[in-house]
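Chain by chain, the residues run as shown.
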Amino acid sequence: MAGNMPKRVKWRKAQKGRIKGNATRGNTVAYGDFGLQSLEPGRVTSRHIEAGRVAATHFLQREGRIYIRIFPHKPITKKPLEVRMGTGKGEVDIWTAEVKPGTVMFEVGGGVSEELAKAALLRVAHKLPVKTRFVGRRHGL
């Protein structure tokens, strides 16, 4: 199992569900000075998060600090290729974080200039499957 995942879960498989409404929690910059805020609902996989983290740390080169505000809690199952219909739900394939519009996903802090933070978070945004925007400390959706 590649990527990040919970240490233990109460239920092994989850139903799909729908992502409705805007984020009411985790929708402001809390730890850093600048953040990357989602503008649409979506599922961000552990691989997306890891790719974003690597891109930001590589760009900032040990300058400032990166905070990841989302965690992939939700298991997504997938059946093997060329398997007939029926015979139950497939095995867990990937772990995703369900992101609502307004969720702050990544933050940059530690005395980094706005230009540098913007450039770092733009690199992260390219790795994510949702539209995002750059936000400052006191900026809601």
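Note that the structure is predicted; figures quoted are calculated from it, not measured. (Residues numbered from 1 in each chain as written. Predicted model: local features only at pLDDT ≥ 70, side-chain atom pairs only at ≥ 80, totals over all residues. Heavy atoms only, no water.)

All right, on to the layout of surface pockets then. Its boundaries defined by the atoms lining it, the largest pocket holds a volume of some 330 Å³. If you trace the largest pocket, you find 18 residues lining it, with Ile70, Glu98, Val99, Lys100 and Thr103 closest to the centre. With four residues, strand S5 (residues 91–99) is the single largest residue contributor to the lining of the largest pocket. In this structure, the second largest pocket occupies an estimated 170 Å³ of space. As for the second largest pocket, its lining consists of Ala14, Gln15, Lys16, Arg43, Lys74, Pro75, Ile76, Thr77 and Lys89. With four residues, the top contributor of residues to the lining of the second largest pocket is strand S4 (residues 74–78). Classifying every residue of the lining of the second largest pocket gives three nonpolar, two polar and four charged. (1 Å grid on protein atoms, 1.4 Å probe; cavity = no way out; pocket = protein on both sides within 12 Å on 5 of 7 lines; lining within 4 Å. Points joined across faces, edges and corners; volume = space filled by probe spheres on them. Helix = DSSP H or I, 4+ residues; strand = E, 2+ residues; numbered from the N terminus. Nonpolar A, V, L, I, M, F, W, Y, C, P; charged D, E, K, R; others polar.)

What follows is about the packing of aromatic side chains. By the definition in use, this model includes two aromatic pairs. Summarising the aromatic geometry, the rings of Tyr31 and Tyr67 are spaced 5.8 Å apart at their centres and angled 25 degrees between planes, so their arrangement reads as stacked. Linking Tyr31 in the segment before strand S1 (34–38) with Tyr67 in strand S3 (residues 65–68), this pair joins segments that are 36 residues apart in sequence. For Tyr31, a relative accessible area of 55% puts it in the exposed group. Each ring, one from Phe34 and one from Phe134, has its centre 5.4 Å from the other, and the planes form 20 degrees; the classification is stacked. On the criterion of sequence distance, the pair formed by Phe34 in strand S1 and Phe134 in strand S7 (residues 132–135) is long-range, its members being 100 residues apart. (Phe/Tyr/Trp six-rings, centres within 6.5 Å; stacked < 30°, edge-to-face > 60°. Buried < 20%, exposed > 50% of the residue type's maximum accessible area, 1.4 Å probe, protein only.)

On the secondary structure map, Ser38 appears in strand S1. The contacts of Ser38, once residues within four sequence positions are left out, are Val99, Lys100, Pro101, Gly102, Thr103, Met105, Val130, Lys131 and Thr132. (Contact = heavy atoms within 4.5 Å.)

Spatially, S2-S5-S4 is the arrangement adopted by the three strands of the open sheet, whose pairing is antiparallel. Edge strands, defined here as strands with exactly one partner in the open sheet, are strand S2 (42–45) and S4. Pairwise comparison of adjacent strand axes, ignoring direction, gives a mean angle of 50 degrees for this sheet. Here S2 pairs with S5 via four bridges, running antiparallel. Each bridged residue has a counterpart across the sheet, and for Val44 the counterpart in S5 is Ala97. Sitting on the sheet, helix H1 (residues 46–60) is in contact with S2 and S5, with an inclination near 65 degrees to S2. (Pairing = 2+ DSSP bridges. Axes fitted to C-alpha atoms, helices over the stretch in contact; angles between N-to-C directions.)

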